[in-house]
Protein chains: 2
Amino acid sequence: MERVPVLKIGDILLVSIQVDMSDQTALQLQEDLAERIVATGCDGVIIDITALDIVDSFVGRMLSTIASISRVLDAETVVVGMRPAVAITLVELGLSLNGIRTALNVERGMELLAAARADEYGHDDEADEPDDETTATR
Amino acid sequence: MERVPVLKIGDILLVSIQVDMSDQTALQLQEDLAERIVATGCDGVIIDITALDIVDSFVGRMLSTIASISRVLDAETVVVGMRPAVAITLVELGLSLNGIRTALNVERGMELLAAARADEYGHDDEADEPDDETTATR
């Protein structure tokens, strides 16, 4: 059980991290995700960290790496479900998760990705008028 | 990290099981799920077991219990992502997962739930005409 599953939902790949990430698991996840982005043509990745009590520098770096790989493959990454305590610890540790977008939960993450996609292609296929990308509520 | 997160996506609650289920974790998941169904009013639950190499009688019983609890709360449960080897083992063990619906992946599971909902309410809000609930492809 050392492989984190990548779930396809519409145009989005969803990864829910629940296990302690070892070097091996992290590498495997990066590979799996890159392969799935290419295979499915998805342009959005949501990483759910609700289950994580701690995000240390290793996990922070992994999230950054995943975001960078996705970006190279033309997919946007959003990290969702961060606990308040995790956010506080991150800031205290001086880890600011540079280059990583965050949203409160999966649904907000999906809205963020839809807005980013609409922005990129110059039209909005999810709503009637373009929203500010962080405040869309439906 | 002994709590399995319950993610809300639209009208559906998604649970991705990745950790070894202990009595404690299973009970906690049942409670969390029941509370979320009531709090959100969701009428569909998808349980992803892609990450499971083995589904023994304990996990099988847990899935049945979750399905029964959800049904009492007027929500439908679909188990998705079962590996071929898991299906073979289940049958060999004589566990037939009675009362549990299954689908190949999360997307198929969502289609199944949408079709079941349309069926129940006598109209179809996801497609132009009612589909057979297991074969809907879009």
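Presented here is an overview of the structure given in this document. On a predicted model such as this, the values are computed, not experimentally measured, just so you know.

### Digging into unusual backbone geometry
Link 1 in the chain: At Asp74 of chain A, a residue that is not glycine, the phi angle is positive and equals roughly 65 degrees.
Link 2 in the chain: Tracing the backbone through its elements, the reader meets Asp74 of chain A in the loop between α2 (57–72) and β4 (76–80).

### Remarks on the side chain of Asp48 of chain B
Link 1 in the chain: The topology assignment puts Asp48 of chain B in strand β3 (residues 44–48).
Link 2 in the chain: Buried Asp48 of chain B, no salt bridge; nearest opposite-charge side chain is Arg36 of chain A, N-O distance 8.9 Å.
Link 3 in the chain: Contacts of Asp48 of chain B, omitting those with residues within four sequence positions, involve Pro5 and Leu7 of chain A together with Val15, Ser16, Ile17, Val80 and Gly81 of chain B.

### As for the sheet that holds strand β5 (residues 101–103) of chain B
Residues and elements named next belong to chain B.
Link 1 in the chain: Pairing within the open sheet is mixed, and its five strands lie in the order β1-β2-β3-β4-β5. Where the open sheet ends on each side, the last strands, each with one partner, are β1 (6–9) and β5. Strand-to-strand twist in this sheet, taken as the mean axis angle between neighbours without regard to direction, amounts to 30 degrees.
Link 2 in the chain: Two elements, β3 and strand β4 (residues 76–80), share five bridges in a ladder whose sense is parallel. Looking at β4, one finds that Ile46 is bridged to Val78.

### A word on the relation of the copies chain A and chain B
Link 1 in the chain: Here chain A sits on chain B after a turn of 180 degrees about the axis and a move of 0.0 Å along it, with an RMSD of 0.0 Å. On this basis, the relationship between the two copies can be described by a two-fold rotation axis.

### Structural notes on the environment of Asp48 of chain B
Residues and elements named next belong to chain B.
Link 1 in the chain: With a relative accessible area of 1%, Asp48 lands in the buried category.
Link 2 in the chain: It is 6.0 Å that separates the C-alpha atoms of Asp48 and Val79, two residues lying 31 residues apart in sequence.
Link 3 in the chain: Of the polar contacts made by the side chain of Asp48, one reaches the side chain of Thr50; its length is 2.4 Å.

### Brief notes about the interface of chain A and chain B
It is common to give the size of an interface as the accessible area that goes away when the parts come together.
Link 1 in the chain: On the side of chain B, 21 residues touch chain A, which itself brings 21 residues to the contact.
Link 2 in the chain: Carbon and sulfur atoms make up 62% of the area that chain A and chain B hide from each other, which totals about 1,900 Å².
Link 3 in the chain: Our enumeration of links across chain A and chain B arrives at two salt bridges.
Link 4 in the chain: At the junction of chain A with chain B, the criterion picks out six residue pairs in polar contact (both at pLDDT 80 or more).
Link 5 in the chain: Only β1 (6–9), β2 (12–16) and α4 (106–121) of chain A provide two or more residues apiece to the side of chain A that touches chain B.
Link 6 in the chain: Among the residues making up the side of chain A that touches chain B, the classes are represented as eleven nonpolar, four polar and six charged.

### Some words on the nonpolar core
Link 1 in the chain: Counting 56 residues, the largest nonpolar core has Ile47 of chain A together with Ile47 of chain B as the members making the most contacts within it.
Link 2 in the chain: Judged by nonpolar contacts, the second largest core, of 22 residues, contains Ile9 and Val78 of chain A together with Ile9 and Val80 of chain B.

Parameters and conventions
- Residues numbered from 1 in each chain as written.
- Chains lettered and ligands numbered in written order.
- Predicted model: local features only at pLDDT ≥ 70, side-chain atom pairs only at ≥ 80, totals over all residues.
- Heavy atoms only, no water.
- Helix = DSSP H or I, 4+ residues; strand = E, 2+ residues; numbered from the N terminus.
- Buried < 20%, exposed > 50% of the residue type's maximum accessible area, 1.4 Å probe, protein only.
- Lys, Arg positive; Asp, Glu negative; His and termini not counted.
- Salt bridge = Lys/Arg side-chain N within 4 Å of Asp/Glu carboxyl O.
- Contact = heavy atoms within 4.5 Å.
- Pairing = 2+ DSSP bridges.
- Axes fitted to C-alpha atoms, helices over the stretch in contact; angles between N-to-C directions.
- Least-squares fit on C-alpha atoms with pLDDT ≥ 70 in both.
- Polar contact = N/O pair within 3.5 Å; in protein donor to acceptor, adjacent residues only side chain to side chain.
- Buried area = accessible area lost by both parts, 1.4 Å probe.
- Nonpolar A, V, L, I, M, F, W, Y, C, P; charged D, E, K, R; others polar.
- Core = buried A, V, L, I, M, F, W, Y, C linked by side-chain atoms within 4.5 Å.

On their own, these measurements won't tell you what the molecule is for.
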